[in-house]
Amino acid sequence: MTSSSPRPDARPKLEGSAVYGMDLEVPGMLWAALVPSPVAHGRLRSVDLSPARALDGVVAIGAADLATLLPGSTGDPLRPLFPTDTVVYRNQPVAAVAAPTRELARQAARAVRVDVEPLPVVSDLEEVFPEWPGSNAEGPERIAAHVRAREGDVDAVFRTAETVVRETYRTSSVHPVALEPHACLAEASGGTWRVRTSTQTPFGAREDIASLLGVPEESVVVEGTWVGGGFGGKGAALLEPYALLLARASGRPVKLALGYREEFLLGRTTLPAVFRMETAVTGGRIVGRRVRLLLDVGTSLPGRDFATGFSIGFLLGPYRTPAFEVEGYAVRTNKPAFGPHRAPFAPQCVFVLESHLDHVAREAGLDPLAFRAAHLWKEGDTTPLGQKVGPFGLPTAFEQARATAARWRAEALPDRGVGVAVGFWSTGTGAGGEVRLRLSPTDLAVVQGEREIGSGSVVAGIASVAARSTGLPRDRVTVEYEDTSRAPFDSGVFGSRTTAALGRAVEDATHALFDDLRTRLGVSGPVHLEVEAGEIVAQERSTRRPIRDLLNATERAGGGIVASGRHYGKSGTIDERKVEVGTFYPYTDFTGVAHAAEVMVDRATGSVRVTRYAAFHDVGTIIDPATAPAQVEGGVVMGLGTALTEEALWSEDGRLLNPSLLDYRIPTIGEVPPVEVTLIEGFPGAGPSGAKGLGEPPMIPVAAAVALAVRDATGAHVTELPLSSERVARALKLL
Amino acid sequence: MTARSLALTVNGRVRSLEDVPGSERLLDTIRWRLGLKGTKEGCRSGQCGACTVLVDGTSTLSCLTLSHEVEGSSLTTIEGMADDPVGRVVQDAFARAGALQCGYCTPGFVVALVGLLRERGQSARAEELLADLAGNLCRCTGYLSIARAVALLRAEGP
């Protein structure tokens, strides 16, 4: 390649030299396969490994082998690696095998005889709770989480309101569909469990693997590879413990990679939900809201669900709501555990709230956009849960989206409809993050523990922050990766946090570095770095020294001056007096997003085509001008999938009916509209230089904007996602 | 079909492979026998395009091709694009347009596009090329930067 690239990782990815989890290979390795439960719920009578073990070169392990493989360990009693008495979802691993070839491993897995007595399957959450759960409904084992918050005399508000609108919404199960399936390569030697894996969270995976195996965290080493897409699906541990156990059992390195069908069946999925929404309006103002959320969390463990208390906030805000009662239940069903999916569950909640408020305004005889605009949070407001709203570009983004929509509407052909939707997000922090800077005579390295998952947050985001904070040109900055035994800790690449949290850690390390340089130069004034004839030079008013001259012998050998930095972010606080049950979450900052969609709806089939799209994002500060708008484009198109076609279908017996890319349809190149991206600066957030996270926000209002555009075009009020042609046709009474 | 030897030209080099089972897919021959991991395994069932390679210059899904079907053919993978003038121009356009994120679909897109340019000639319009890339899935970019890479190619050649 001849020209310079806007992405430092372009070359290895375009030339095919980037090594992903799927590509891992070492001499002598075995291939592994998991043995799936044939039913979604059942009593495990026996798992007979002998037919697999009879095959030449096959190693097979099940629950009975754990005591030998993990002496003295009980693992995680709540999450046994292999069930001993009951299976709780279809395809739950009940045993694992390894063999010299991938084909033989699959054959061996099929040879294992699994005898299960089927038990009644709970697949549909409305089957569990046809009415709202009472306090004793089905017993606590059905409920993974219960949250409730309240403000004001809600019953009185609803009794006396001029208009009350009650609706029920439903959203479908969606899968991340990272193009690279989960894959890892494990080695177990001596007391060390070492695994190379395609993960968003090397340290999170280490913690999870240690907990599942019941071994000390220090004995587990996780090395990340390039990640072929994550979108929330590649956090924590999934395959690694099985590969490690097989490596221990066989004494060989073991590769475990999912096929794409297995990726659908075992990969993490966001599950269906039901929303009951009630809004009371008097004098053109929202005076009260009731929300009832039932969220299917599959076999998530009680107490480990975050989604319910987190997402229910998106059914109130970003709108001023003086009186409310929100209540949510995370319901356990016989499906794999709930998994996050880029802005977990926010696109679904925002679809519900925006569609509902649009409908409420129409019912009350009000202009829907003006109605929503009149209630938007602005900086200085207090959220319904009592957190003060910080710098917030949402009102600005909304006005720009509204102006764009008005322009489109003026130009639009008669068969088009236009929708505007808003949402908000908060830059994640996770537990925190740390980095090391290493300043050599010619370069600055940022040494850290995350691998690039695609957004650019690691290779471009962190590098850009380091360039900005040290004053060096970005082509002098490299980002280096180390495994969990050597790298400074970081929580993971998720939650729109990576550039923000590690960027703040880079800023912190930069302060330490410059303090150190002042000491070495014997000066007290501001120092800056320059590049002169290929060498980095430290300059204070009258003092000027090449970095080369400032290194001691150890630093010359080790590559440069090292400085560490950390960022452990804080969220704001909510008013806990409003919380009656469970956990609700405060935000670190307030990130606004407003989108406009134009659609064309086929009046005969109900099929929806998005014809143009505009996205307005409150980003605080632009860190990397190349990758920031690319995040928005990619997020919008992923959101179009959630809006229009993506739906994992579960049968009554807990079977995923469409585990393939033909039957679970993600957007293709032919369905993508032009997308105008506008990044709004000036409302600072929690990241470096006031930046706000941008990985997830582009997903958030897409389904809502498309639904409102469909209603604008046709009058169809669709209360379920996705807006498949069948659902739109039903709403139009074509079916 | 039992295992037998297989001769192929791979990125310009003649390769002779022993004991290749009749059921082996070209994707696995490329990745695990030839060690060329730039060709990606996605769905392994012809739905995503990540494993696209050129067989005698024609864009081919290596996951749906048995290796013995292409006996004697000339195979070009992403690793061979460095020696291909059209390949280099396509890679350069992708780099300049920022037309990649996680990169997992990227080799398939590059190879498919090189195949299309070969097949349809230099006069193919950008819209035709994009329509013919519909068999390649990308989950990260939303395809817009890929479309810009194609537009760059149309504006500047090849």
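Remember, predicted model here, so these are calculated numbers, not experimental data.

Cut-offs and rules
- Residue positions are given per chain, counted from 1 along the sequence in the order it is written.
- The naming scheme follows written order: chains are lettered A onward, ligands numbered 1 onward.
- pLDDT decides what is reported in this predicted model: residues at 70 or higher carry local features, side-chain atom pairs at 80 or more are listed and counted, and totals for whole chains, interfaces and linings draw on all residues regardless.
- Starting at the N terminus, helices and strands are each numbered in turn, a helix being any DSSP run of H or I of at least four residues and a strand any DSSP run of E of at least two.
- Three exposure classes are used, based on other C-beta atoms lying within 10 Å of a residue's own C-beta, which is placed from the backbone: buried for 20 or more, exposed for 12 or fewer, and partly exposed in between.
- Restricting the calculation to C-alpha atoms gives the radius of gyration, and the globule rule supplies 2.2 Å times the number of residues raised to the power 0.38.
- Residues are treated as contacting if the C-beta atoms built from their backbones sit within 7 Å of each other.
- Only when DSSP finds a minimum of two bridges between them are two strands counted as paired.
- Fitted lines through C-alpha atoms give the axes, limited to the stretch in contact for helices. The angle between two N-to-C directions lies from 0 to 180 degrees.
- Here the expected span of a helix is defined as 1.5 Å times the quantity of residues minus one.
- By the convention adopted, Pro, Cys, Tyr, Trp, Phe, Met, Ile, Leu, Val and Ala count as nonpolar, Lys, Arg, Asp and Glu as charged, and the other residues, Gly among them, as polar.
- When buried Ala, Val, Leu, Ile, Met, Phe, Trp, Tyr and Cys residues are joined through C-beta atoms within 7 Å, the set is termed a nonpolar core.
- Start and end positions for the domains come from either an automated domain assignment or a database one.

Draft legend 1. View of the overall build of chain B. Along chain B, the regular secondary structure elements total five helices and five strands. For chain B, the succession of helices and strands along the chain, N to C, is β-β-α-β-β-β-α-α-α-α. When its C-alpha atoms are laid out on the principal axes, chain B stretches across 50 × 30 × 20 Å. Counting every position in chain B, which comprises 158 residues, the buried fraction comes to 56%.

Draft legend 2. Structural view of the overall build of chain A. Within chain A one finds 19 helices and 27 strands. Over its C-alpha atoms chain A spans a radius of gyration of 27 Å, differing by no more than 12% from the 27 Å that the globule rule assigns to 735 residues. Judged by the C-alpha coordinates and their principal axes, chain A covers about 80 × 75 × 50 Å. Each of the 735 residues in chain A was classed as buried or not, and the buried ones make up 60%. Within chain A, contacts between residues separated by at least 24 positions form 81% of all contacts whose residues are at least 6 apart in sequence.

Draft legend 3. Structural context of the sheet that holds strand E25 (residues 591–601) of chain A. Residues and elements named next belong to chain A. With respect to topology, four strands assemble into an open sheet ordered E16-E25-E26-E27, the strand pairing being mixed. Because the sheet does not close on itself, it has two edges, and the strands there are strand E16 (416–425) and strand E27 (675–681). Mean inter-strand twist for the sheet, computed between neighbouring axes without regard to direction, equals 15°. Relative to strand E26 (residues 608–620), E25 runs antiparallel, the two being bridged by nine bridges. Note that in E26 the partner of Met600 across the bridge is Arg609. Lying over the sheet, helix H13 (residues 394–411) contacts E16, E25, E26 and E27, oriented at roughly 15° with respect to E25.

Draft legend 4. The arrangement of helix H14 (residues 457–470) of chain A in detail. All names here are of chain A. Here H14 contains 14 residues, and its C-alpha end-to-end distance of 18 Å stays within 8% of the 20 Å for a straight helix at 1.5 Å per residue. Among the 14 residues that make up H14, 14 are buried, leaving the element largely enclosed by the rest of the structure. Looking one or two places after H14, you find Gly471, whose phi comes out positive at around 80°.

Draft legend 5. Quick peek at the interface of chain A and chain B. Facing 48 residues of chain A, the contacting portion of chain B comprises 41 residues. When residues of the side of chain A that touches chain B are traced back to their parent elements, those giving at least two are helix H1 (10–15) and helix H17 (627–644) of chain A. Ranked by residue count, the leading element in the side of chain A that touches chain B is H17 of chain A, at six residues. Of the residues assigned to the side of chain A that touches chain B, the class counts are 26 nonpolar, 15 polar and seven charged.

Draft legend 6. Representation of unusual backbone geometry within the structure. Residue and element names in this part refer to chain A. The peptide bond linking Gly317 to Pro318 adopts the cis configuration, its omega dihedral lying at 10°. Relative to the assigned elements, Pro318 resides in the loop between helix H10 (307–311) and strand E15 (324–331). Here the amide bond leading from Leu721 into Pro722 is cis, since omega sits at -5°, within 30 degrees of zero. Checked against the element boundaries, Pro722 lands in the loop between helix H18 (702–714) and helix H19 (725–731).

Draft legend 7. Local environment of the nonpolar core. Residues and elements named next belong to chain A. Membership of the largest hydrophobic core comes to 294 residues, with the highest contact counts inside it found for Ala32, Val97, Ala243, Leu246, Val706 and Val710. Among the elements that make up this core, the one with the highest residue count is H18 (ten residues). Filtering out sequence-adjacent residues up to four positions away, Val706 remains in contact with Gly419, Ala597, Val599, Val608, Val610, Ala643, Leu644 and Leu723.

Draft legend 8. View of the pairing of strand E23 (residues 561–567) of chain A. All names here are of chain A. Only one face of E23 is buried, namely the one carrying Ile561, Ala563, Gly565 and His567, since none of Val562, Ser564 and Arg566 on the opposite face is buried. Taken together, the seven bridges between strand E17 (residues 433–439) and E23 define a ladder with antiparallel strand orientation. Residue pairing for E23: Arg438 is matched across the bridge by Val562.

Draft legend 9. Expanded view of the pairing of strand E4 (residues 58–61) of chain B. Residues and elements named next belong to chain B. Two strands pair when backbone bridges link them, and strand E3 (residues 52–55) and E4 are joined in this way by four bridges, in the antiparallel orientation. In the sheet register, Val55 faces E4, and the bridge partner there is Thr58. Counted along the chain from E3 to the antiparallel partner E4, the turn is two residues long, and its residue Asp56 has a positive phi close to 50°.

Draft legend 10. Focus on the domain arrangement of chain B. Residue and element names in this part refer to chain B. With domains assigned, chain B is organised as domain 1 (4–79) and domain 2 (81–156). Measuring from the centre of the C-alpha atoms in domain 1 to the corresponding centre in domain 2 gives 21 Å. Breaking the side of domain 1 that touches domain 2 down by element, the ones donating at least two residues are E3 and E4. Ranked by residues supplied to the side of domain 1 that touches domain 2, first place goes to E3 with three residues.

Draft legend 11. Seen up close, the domain arrangement of chain A. Residues and elements named next belong to chain A. Each assigned domain of chain A is listed with its residue range as follows: domain 1 (21–120 + 182–266), domain 2 (273–428 + 575–731) and domain 3 (433–567). Each of domain 2 and domain 3 was reduced to a C-alpha centroid, and the two centroids are 38 Å apart. Partitioned by chemical class, the residues of the side of domain 2 that touches domain 3 number eight nonpolar, eight polar and two charged.

Draft legend 12. Up close: helix H5 (residues 144–156) of chain B. Its 13 residues place the ends of H5 of chain B 18 Å apart at the C-alpha level, agreeing with the 18 Å of an ideal helix rising 1.5 Å per residue. Where H5 of chain B is concerned, the buried positions are Leu144, Ser145, Ile146, Ala147, Ala149, Val150 and Leu153 of chain B. Close packing links the buried residues of H5 of chain B with H17 and E27 of chain A together with helix H2 (85–97), helix H3 (106–120) and helix H4 (126–132) of chain B. Gly157 of chain B sits one or two residues past H5 of chain B and shows a positive phi near 95°.

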